[in-house]
Amino acid sequence: MIHINKVGAITSVTVRTLRYYDKIGLLKPASQTEGGHRLYTNEEIKKLQEIQFLKKIGFTLQEIKNMLASNEWDWSNSLKNQLTFVLKEQENLKKIELALRELIHGIAIEGEENWMAIQKIMQLSSKDKEIQQYYRESVFKDREIELWEKLPNMTSDRPGSLEWIALIGQLKLYMKDGPTTPKVQNIIRRMEEKRLEEFEGEDEVLDKLWELRMSPNQSEKLGLYPIDQDVLEFMDQAYAVFMAEKDNT
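First, a word on scope: everything that follows refers to the structure included in this document. None of the values given here were measured: they were computed from a predicted structure.

1. Points about the overall build of the protein chain
- Assigned secondary structure in the protein chain consists of 13 helices and three strands.
- The globule rule puts the C-alpha radius of gyration for 249 residues at 18 Å, and the 30 Å found for the protein chain is more than 25% above it.
- Projecting the C-alpha coordinates of the protein chain onto the three principal axes gives extents of approximately 95 × 40 × 30 Å.
- Taken over 249 residues, the protein chain has a buried fraction of 33%.
- Within the protein chain, residue pairs in contact and separated by at least 24 positions form 58% of the contacts whose partners lie at least 6 positions apart.
- Accessible surface, the protein chain: about 16,000 Å² in total, of which carbon and sulfur atoms supply 54%.

Structure, rendered in structure tokens:
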């Protein structure tokens, strides 16, 4: 016989949990000491390991109790149902992950206006994704769709996307200084470097995308994060200054 304290030590299951399993009839001890301490045999230890395994793959204690109590339990069907449940949960968790990334990146763009980012993400999430996809496919050619997939987006954790988001946030922070200031021009210079690194030779498509981005209505239809119009216009002005200086050198 194995004392309850030793069972807890060798299985990493707490004594409190073992007492609870006994209380609900999931795992009864083989016997008790005169002092009332629970005692277990290797048979109960084996059943405890089965319980812990089934818990690990997501079954509830009541489900486990029913499964272990029945000699005719349909294990195959139960496991298939559990797999379906787990896959659905993974899908839901992925949606939550993407929503959290959008919020974090939105706050990076909006700066101190955290609530503004939350409102914008709520606005985006209320739109029909299938309609947005259909609209994109009607606006872009196949080659343009391929390029679209490479663009920075608010749900990505790619370093390239994260840097674009950070640059837009910095640009918004320095708008009060004007488009010609060194800080702003340094940001635009880095944006231009990234454009050349990632999209060199795609000027025609990028011009089309920028024209669509500059239209609040088109941006909404495409499902783009709603960057404030004054920020986009400031970026456009700062880029014009950068190109003019580049042409003069």
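Right, picking up where we left off after that structure.
2. A closer look at the nonpolar core
- By size, the foremost hydrophobic cluster in this structure holds 22 residues, and its most contacted members are Leu 171, Ile 188, Met 191 and Tyr 225.
- For this core, the element with the highest residue contribution is helix 13 (residues 229-248), accounting for six residues.
- Setting aside residues no more than four positions away along its own chain, Tyr 225 makes contact with Gly 106, Ile 109, Glu 110, Ala 117, Lys 120, Ile 121, Leu 124, Met 154 and Arg 213.
- In terms of nonpolar packing, the next biggest core, distinct from the first, is built from 17 residues, Val 15, Leu 18, Leu 26 and Tyr 40 among them.

3. Considering the environment of Glu 110
- Positionally, Glu 110 belongs in helix 5 (residues 75-110).
- Residues Glu 110 and Leu 222 lie 112 residues apart in sequence; the distance between their C-alpha atoms is 20 Å.
- A polar side-chain atom of Glu 110 sits 2.9 Å from a polar atom in the side chain of Lys 120.

4. A short note on the side chain of Gln 82
- Mapped onto the secondary structure, Gln 82 falls in helix 5.
- What makes Gln 82 buried here is its relative accessible area of 10%.
- Excluding residues within four positions of it along the chain, Gln 82 makes contact with Ile 57, Gly 58 and Phe 59.

5. Notes on helix 11 (residues 203-213)
- Every buried residue belonging to helix 11 is among Val 205, Leu 206, Leu 209, Leu 212 and Arg 213, and all of these are buried. Buried residues of helix 11, seen end-on, are gathered within an arc of 120° and therefore sit on one face of the element. More than 90 degrees from the buried face of helix 11, the exposed residues found are Glu 204, Asp 207 and Glu 211.

6. Section: the packing of helix 10 (residues 182-199) against helix 13
- Direction vectors running N to C along helix 10 and helix 13 enclose 80°, while the axes themselves pass 9 Å from each other. Here helix 10 lies roughly perpendicular to helix 13, going by the angle between them. Where helix 10 approaches helix 13, its residues Val 184, Gln 185, Ile 188, Arg 189, Met 191, Glu 192 and Arg 195 are matched on the opposing element by Phe 234, Met 235, Ala 238, Tyr 239, Val 241, Phe 242, Glu 245 and Lys 246.
- Across the contact of helix 10 with helix 13, the residue classes break down as nine nonpolar, one polar and five charged.

7. A word on the packing of aromatic side chains
- Following the criterion strictly, the structure yields two aromatic pairs and no others.
- When the centroid spacing of 5.4 Å and the interplanar angle of 35° are considered together, the rings of Phe 140 and Trp 148 count as tilted. The residues Phe 140 and Trp 148 share a single accessibility class, namely buried.

Definitions and cut-offs
Residues numbered from 1 in each chain as written. Predicted model: local features only at pLDDT ≥ 70, side-chain atom pairs only at ≥ 80, totals over all residues. Heavy atoms only, no water. Helix = DSSP H or I, 4+ residues; strand = E, 2+ residues; numbered from the N terminus. Rg over C-alpha atoms; globule rule 2.2 N^0.38 Å. Buried < 20%, exposed > 50% of the residue type's maximum accessible area, 1.4 Å probe, protein only. Contact = heavy atoms within 4.5 Å. Areas by Shrake-Rupley, 256 points an atom, 1.4 Å probe, with all protein chains shown as cover. Core = buried A, V, L, I, M, F, W, Y, C linked by side-chain atoms within 4.5 Å. Polar contact = N/O pair within 3.5 Å; in protein donor to acceptor, adjacent residues only side chain to side chain. Arc of directions from axis to C-beta. Axes fitted to C-alpha atoms, helices over the stretch in contact; angles between N-to-C directions. Parallel < 35°, antiparallel > 145°, perpendicular 65-115°, else oblique. Nonpolar A, V, L, I, M, F, W, Y, C, P; charged D, E, K, R; others polar. Phe/Tyr/Trp six-rings, centres within 6.5 Å; stacked < 30°, edge-to-face > 60°.

So, to be careful, I would describe these as geometric facts and stop short of saying anything about function.
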